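# Descriptive analysis of the structure
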Amino acid sequence: MTTAAIKSAKVDPAGIPAGIMLSFLATAGLFYVNIMAAIVDGLITGLGLSEAQAGLIGSANIYGASIGALVAVVLIKRVPWRPAAYTLLVSLIALDLVSMPIGNPDVLLAVRSIHGLVGGMLVGIAFGVIARTAQADRTFGILLFVQFGLGGLGVMTLPQLVPVYGTQALFIALALFSFASLMMVPFLPAYPPRTRTVSEGGKVQWSPLLLTLGAIFLFQAANMGLLAYIFRLGIGYGLERTYTSYALGLATWVALLGPLCVILIGTKYGRFLPLALVMLLTLGGTAIFHLSAHPLAYLVANCGTGITWGMVMAYLLGMASQFDSAGRTAAAAGFVSKIGLASGPLVAGQLLGDTGDYGLLINAALVTLLASMLVMLVPARLIDLRKAS
């Protein structure tokens, strides 16, 4: 295809196809988070690692991503995003292929840390570009819709493939996703920096921004701490491996309702009211995990928390994007989000230790989610008042 043909084939900057392509771009660098339960189980089942070792590798991958996302805060304004995306996607594919034959946990830890660094830069750049769209909240909703839909497929199928094909199945899936994202980049519009922001005089209002970032950290840490071990939690409560796998996949698809709500209603009702209601549902859904010995309760808890996770994060990322026209605060939100995602499995692994006390893990998640709720409602209210004035 010629340059002129590609230029004419570029999608509408404000259309749903553009949102989907941006979502693939942002997901490629962090898709392993969406299938983290499958990866942790795969490392334990396929390589014979302990739960602590598997959790450490998963956390290292995300900590590397957090550093990459921090680098992206600087890159997004100084480096053309499209060439950077090409380079980073090709690097991700190479690193996933290199990971396939590795059996030594220390070597795998190092390689996945580098993979995280590269992926974090890609996600940070993609978040910065999404912040430049006309309706960032809706685009982030599309992003989470894509992540949950494909994550559900991964969680549903990969745990069944690992006992047969080993951990190679995990890394092949990640490489294929990056390749698909690479094919979409030429069709995306330029997305120059926005000319207007809600920050007064073009300056960042640090207090609401820092509160938003703090809420993102707490929310992601609590949810990811549970998600990383959610497959093991089901087995620990006596559920069958096959049921647990399909329950997680089904729950991830049901969770599409969360970002879909954001896509449809956007900020029609502001942010404070939706976040307050959805966080109450999050707390209730998380508490139900205590009843996971009952298959239906395990399924309901996963469905409920999945729906609210996508909805809350779409609003929080949209809030963060309000503070800067170039997309740097959105990239900063990506950094903080990854720190939270990395910290969750790390702390969860230590809480579980050798005893596997999943009740303690659930309670820790509840306390952290409550703290996140109290923090996020303050900037949500401030932004709503500013919009109304």
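Relevant structure appears above.
This write-up is about the structure you can find in this document.

Calculation criteria
- Residues numbered from 1 in each chain as written.
- Predicted model: local features only at pLDDT ≥ 70, side-chain atom pairs only at ≥ 80, totals over all residues.
- Heavy atoms only, no water.
- Phe/Tyr/Trp six-rings, centres within 6.5 Å; stacked < 30°, edge-to-face > 60°.
- Helix = DSSP H or I, 4+ residues; strand = E, 2+ residues; numbered from the N terminus.
- Buried < 20%, exposed > 50% of the residue type's maximum accessible area, 1.4 Å probe, protein only.
- 1 Å grid on protein atoms, 1.4 Å probe; cavity = no way out; pocket = protein on both sides within 12 Å on 5 of 7 lines; lining within 4 Å.
- Points joined across faces, edges and corners; volume = space filled by probe spheres on them.
- Nonpolar A, V, L, I, M, F, W, Y, C, P; charged D, E, K, R; others polar.

## Concerning the packing of aromatic side chains
Throughout the structure, instances matching the rule amount to four aromatic pairs. Centre to centre, the rings of Phe-127 and Phe-140 are 5.4 Å apart; their planes meet at 80°, and the pair counts as edge-to-face. One end of the pair, Phe-127, is in helix α7 (residues 105-130); the other, Phe-140, is in helix α8 (residues 136-165), and 13 residues separate them in sequence. Taking relative accessible area as the criterion, Phe-140 reaches 0% and is therefore assigned buried. Judged by centre distance (6.5 Å) and plane angle (75°), the ring pair of Phe-289 and Tyr-298 falls under edge-to-face. Its relative accessible area of 3% is what places Phe-289 among the buried residues. On the basis of relative accessibility, which here comes to 0%, the residue Tyr-298 falls in the buried class. An aromatic cluster is present here, built from Phe-24, Phe-31 and Phe-177 joined pairwise through their rings.

## Examining unusual backbone geometry
For Tyr-191, which is not glycine, the phi torsion reads 50° and is therefore positive. Assignment of secondary structure puts Tyr-191 in the loop between α9 (168-184) and α10 (206-227). When its relative accessible area of 5% is taken as the criterion, Tyr-191 is described as buried.

## A word on empty space enclosed by the protein
Counted by the stated rule, this structure contains three cavities of 30 Å³ or more. When its volume is computed, the largest cavity comes out at roughly 530 Å³. For the largest cavity, the lining is made up of 34 residues, of which Val-33, Asn-34, Phe-148, Leu-227 and Trp-309 are closest to its centre. Residues belonging to the lining of the largest cavity are distributed by class as follows: 22 nonpolar, eleven polar and one charged.

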